[in-house]
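Descriptive structure summary
Residues per chain are reported as follows:
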Amino acid sequence: MKPQAIALRHGDERRQAYFAVVEEIELNANEALPQSFLSESELARFGALRFAAKQQGFLLGRLAAKRALGALLAEPDLRRIEIRSGAYGQPLAQHPRSNGLEVTLSHSHGLAVALAYPGEWPMGVDLETVAATSAATLLGDLQMTTAEQAWLAAGAVNEVTACGVLWTAREALGKSMKIGLNCPLGILALGRIEVAGASAWAGLYANFPQSRCLSQALDGRVLSIAMPVEMELGCWPQPG
Ligand SMILES: CC(C)(COP(=O)(O)OP(=O)(O)OC[C@H]1O[C@@H](n2cnc3c(N)ncnc32)[C@H](O)[C@@H]1OP(=O)(O)O)[C@@H](O)C(=O)NCCC(=O)NCCS
C-alpha cells in the first residue's frame, strides 16, 4: 500500500508527514525480500533474530518505517535509509537527507504502521489488537485516572475497545517522549477523553499538557497517535 501523505499544521507552520501500513501478506512480494530493503547492518541484525515472530515483526516494522521515510525523503532505494535503535529502544533514522526527520512505528498481529514526521513536532504511534481475554488484565495494569474510569463506566465504548484506547494512548505518548513504557503507566494516562468521530476519540494527557492523542478503532485493532497539543492533522491515518 502506498504511504499516505498527512498534512501537519501547528499554529501558522505547516509540514508534511507520511503514514505507512504493511500487512504480513506483503512480505511475500519480491520488493519485500529482506535484501531488497534492509541495509547491510540491518540484514546482520535480522540474521541474529532467533524467533520467527521477532523476525516477522522486525521486517514488517522496518518496511513500514522505510516506506514512510522513503516517501518523506523522496528516496526510492529503501536500503539507503537506515533505522537503528537508540539506548531506550527508540528508532533512529539515518539518510543523507534525513536531518531532523524522525519515525515512529508499531506492529501488532501481522500488521505494522509507521509515521515519518519532522522531529521538532514529537509524535508517537501505537497499534494494538486487544482480545476480550486480555482486556480485564490490561485494565488492571493501567492505573486509570478518574476521567478514564468515568469514561469506561459510562459504557459508551465496549470494554475491549476502551482498553485498547487507554493502552495505546499511553504507549504512543511514551514513544513520542522516547521513554516507551519505562515508567509507571498511570503517569501517561489521559485526563480528558471525548468522541472525535465514528470509533474515534481525542484525548488530553493528565500529566503532559503539551501533548494530545487521537485514537481510532478498526477491525479489532486500536491505533493511537500522540502529538503536540496544538497540532492538527489534515486527515486521519488509515490503518487498513
Ligand atoms: C515501547 C514498548 C512498550 C514496545 O511496545 P510494543 O507494544 O511491544 O511494540 P510496538 O510494536 O508497539 O513498538 C515497537 C517499536 O517501538 C519503538 N520503540 C521502542 N522503544 C521506544 C522508545 N523508548 N521510544 C520510542 N519508540 C520506541 C521501536 O521502534 C520498536 O520497534 P523496533 O524495536 O522494531 O524498532 C517497549 O519497547 C518498551 O518501552 N518496553 C519497556 C517497558 C515494557 O516492556 N513494559 C511492558 C508493559 S508495562
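As the structure is a computational prediction, the values presented were derived from the model and not from experiment. (Residues numbered from 1 in each chain as written. Predicted model: local features only at pLDDT ≥ 70, side-chain atom pairs only at ≥ 80, totals over all residues.)

Things to note about the environment of Glu26
- Relative to the assigned elements, Glu26 resides in the loop between strand S2 (13-23) and helix H1 (34-37).
- Remark: the alpha-carbon pair of Glu26 and Met1, spanning 25 residues in sequence, is separated by 8.9 Å. (Helix = DSSP H or I, 4+ residues; strand = E, 2+ residues; numbered from the N terminus.)

Structural notes on the nonpolar core
- Counting 62 residues, the largest nonpolar core has Ala64, Ala68, Val103, Val113, Ala114, Leu115 and Ala116 as its most contacted members.
- Each of two domains, domain 1 (4-119) and domain 2 (125-233), supplies a minimum of three residues to this core. (Core = buried A, V, L, I, M, F, W, Y, C linked by C-beta atoms within 7 Å. Buried ≥ 20, exposed ≤ 12 C-beta atoms within 10 Å, placed from the backbone. Domains from an automatic or database assignment.)

Remarks on the pairing of S2
- Note: strand S1 (residues 4-10) against S2, seven bridges, orientation antiparallel. Across the sheet, residue His10 finds its bridge partner in S2, namely Glu13.
- Hairpin remark: S1 followed by S2, antiparallel, with two residues in the connecting loop; positive phi at Gly11, about 60°.
- Across six bridges, S2 lies against strand S6 (residues 111-118) in antiparallel orientation. Across the sheet, Phe19 pairs through a bridge with Leu115, a residue of S6. (Pairing = 2+ DSSP bridges.)

Focus: the site of the ligand
- With respect to spatial proximity, 19 residues lie near the ligand, and among them Tyr88, Gly89, Gln90, Ser106 and Gly180 are the closest.
- Mapped by element, the contributors of at least two residues to the shell around the ligand are helix H3 (52-73), strand S5 (101-108) and helix H6 (159-176).
- For the shell around the ligand, the per-class residue count stands at six nonpolar, nine polar and four charged.
- If you count residues domain by domain, the shell around the ligand takes at least three from each of domain 1 (4-119) and domain 2 (125-233). (Near = placed C-beta within 6 Å. Nonpolar A, V, L, I, M, F, W, Y, C, P; charged D, E, K, R; others polar.)

Some remarks on the domain arrangement of the protein
- Annotation of the protein at the domain level lists domain 1 (4-119) and domain 2 (125-233).
- For domain 1 and domain 2, the distance between their C-alpha centres works out to 23 Å.
- Taken together, the elements giving at least two residues each to the side of domain 1 that touches domain 2 come down to S1, S5 and S6.
- The residue makeup of the side of domain 1 that touches domain 2, split by class, is seven nonpolar, eight polar and one charged.

With respect to the pairing of strand S11 (residues 221-228)
- With seven of its eight residues buried, S11 lies for the most part within the structure.
- Here strand S7 (residues 124-129) pairs with S11 via six bridges, running antiparallel. Opposite Leu127, over in S11, you have Leu223 as the bridge partner.
- Two elements, strand S10 (residues 211-218) and S11, share eight bridges in a ladder whose sense is antiparallel. Directly across from Arg212, in S11, lies its bridge partner Met227.
- Counted along the chain from S10 to the antiparallel partner S11, the turn is two residues long, and its residue Asp219 has a positive phi close to 50°.

Section: the sheet that holds strand S8 (residues 190-197)
- Spatially, the five strands line up as an open sheet ordered S7-S11-S10-S9-S8, and their pairing is antiparallel. Every other strand in the sheet has two partners, leaving S7 and S8 as the edge strands with one partner each. Adjacent strand axes in the sheet meet at a mean angle of 20° when their direction is disregarded.
- Packed on one face of the sheet, H6 meets S7, S8, strand S9 (200-205), S10 and S11 and runs near 150° to S7. (Axes fitted to C-alpha atoms, helices over the stretch in contact; angles between N-to-C directions. Contact = placed C-beta atoms within 7 Å.)

Comments concerning helix H4 (residues 132-141)
- Of all ten residues that make up H4, zero are buried, and the element is exposed over most of its length.
- Just beyond H4, the residue with positive phi is Gln143, at close to 50°.

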